[in-house]
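Residue-level structure breakdown
The primary structure of each chain is shown beneath.
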Amino acid sequence: MLFPRISSLLNNFTDHHSHILPGVDDGVKKMEVSLKVLDHYEQLGIAEVWCTPHIMEDIPNTTDALQARFAELCEAYHGPIKLHLAAEYMMDALFEERLSQGDLLPLGDEGNQLLVETSYFTPPMDMDSILKRIKQKGYYPVLAHPERYVYMGHERYTDLKNKEIRFQLNLSSLAGAYGSEAKDKSRWILKQNYYNLAGSDLHSSHNMEYWSARAPRALKNYFKHKAKAPEPVEGPIY
């Protein structure tokens, strides 16, 4: 087994954020690499993977094109992992257009969550209004990797959670993959029990080497904490 140190930790895990749908964004480029990643995932015991390619003004993927490419991946892959398709939406003008049209690829078994992101350095001017419109459309906003946004601090995280915005952790943040600031933020957010979902945000097969070398202790801390913490209580979508 290639990754014996973390296989038991990730057994039956669902990866809610990945860029392994080949050739559609800045993630994996070729089908054979996607299949290699999935083979590694099998060895880790991962049960389900959500493919969440970028959709933004700079990468204007269409729903139809992503669904067609996802069908090709499902046809090529014959392993036990259950594959799903959603998208990671930059909260920009293109997203506002897709949201108004209902042209979306939601996340989750119930299809009622939208994975969204912002620039790492500055938020959209009307971020809270966008998040409110997402909820008005009947979706829970899931903010991807909030620990990586340099403009956010503890007060803003708490404010967003009070507005019932869901958070998705990049697991490798806990191991310092994005620097000490993101690492410290991820640990604070985890301690507050603010995370709802977790994912790899995997963009290439090389990331697997990082997981093998540095992630085991961080993953152990994550799952240990989540096992003890109660699930966050949320109200209805409005």
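Preceding this section is the structure that the text describes.
What this report covers is the structure whose coordinates are included nearby. Values in this document were obtained by computation on a predicted structure and should not be read as measured data.

Scoring rules and cut-offs
By convention here, each chain's residues receive numbers from 1 onward along its written sequence. Given that the model is predicted, a residue must reach a pLDDT of at least 70 before its local features are reported, and side-chain atom pairs must reach 80 or more before they are shown or counted; all residues, however, enter totals for whole chains, interfaces and linings. To get the side-chain values, all heavy atoms of the structure are used, and hydrogens and water are removed first. Runs of E in the DSSP output that reach at least two residues are strands. Runs of H or I that reach at least four are helices, and both are numbered from the N terminus. Each residue's exposure class comes from its accessible area (1.4 Å probe, protein chains only) as a fraction of the maximum for that residue type: buried when under 20%, exposed when over 50%, partly exposed otherwise. The contact definition used throughout considers only heavy atoms, calling two residues in contact when any of these lie within 4.5 Å. Put simply, a nonpolar core is a bunch of buried Ala, Val, Leu, Ile, Met, Phe, Trp, Tyr and Cys residues held in one set by side-chain atoms that sit within 4.5 Å of each other. Salt bridges are defined by distance alone: a side-chain nitrogen of Lys or Arg within 4 Å of a carboxyl oxygen of Asp or Glu. Taking the helix axis as origin, the arc is that swept by the directions to the C-beta atoms. Residues are said to line a cavity or pocket when one of their atoms sits within 4 Å of a point; the points come from a 1 Å grid over protein atoms alone, cavities being sets where a 1.4 Å probe fits but cannot get out and pockets being open sets with protein on both sides within 12 Å along at least five of seven lines. Grid points are joined across faces, edges and corners, and a volume is the space filled by probe spheres set on the points.

Remarks on the environment of Ala76
- Relative to the helices and strands, Ala76 is located in helix H3 (residues 63–76).
- By relative accessible area, which is 29% here, Ala76 ends up partly exposed.
- On a C-alpha basis, the gap between Ala76 and Ser34 in space is 9.7 Å, while along the polypeptide they are 42 residues apart.
- When residues no more than four places from it in sequence are discounted, the contact partners of Ala76 are Met31 and Leu35.

Describing the nonpolar core
- Core analysis: the biggest nonpolar cluster contains 62 residues, and Phe95 and Leu143 have the highest contact counts within it.
- Broken down by element, this core gets its largest block of residues, 5 residues, from helix H2 (residues 31–44).
- When residues no more than four places from it in sequence are discounted, the contact partners of Leu143 are Met91, Val116, Glu117, Met127, Tyr149, Met152, Leu160, Ile165, Arg166, Phe167 and Gln168.

Some points on the pattern of salt bridges
- All chains considered together, the criterion is met by 11 salt bridges.
- The partner of Arg156 in a salt bridge is Asp128, with the nearest N and O atoms 2.5 Å apart. On the criterion of sequence distance, the pair formed by Arg156 in helix H6 (residues 154–162) and Asp128 in helix H5 (residues 127–136) is long-range, its members being 28 residues apart.
- For the salt bridge of Arg156 with Asp159, the shortest nitrogen-to-oxygen distance reads 2.5 Å.

A closer look at H5
- Every buried residue of H5 is accounted for by Met127, Ile130, Leu131, Ile134 and Lys135. Taken down its axis, H5 places every buried residue within 140° of arc, on the same side.
- In the core, the buried residues of H5 are packed alongside helix H4 (93–101), strand S6 (113–117), strand S7 (140–144) and H6.

Observations concerning the layout of surface pockets
- The space that makes up the largest pocket amounts to roughly 260 Å³.
- Tyr120, Arg148, Tyr178, Asp201 and His203 are, among the 22 residues lining the largest pocket, the residues nearest its centre.
- At the level of elements, strand S5 (88–90) and helix H8 (207–228) are the ones that each hand at least two residues to the lining of the largest pocket.
- Estimated volume of the second largest pocket: approximately 210 Å³.
- Forming the walls of the second largest pocket are 15 residues, and the residues nearest its centre are Phe13, Thr14, His16, Tyr222 and Phe223.

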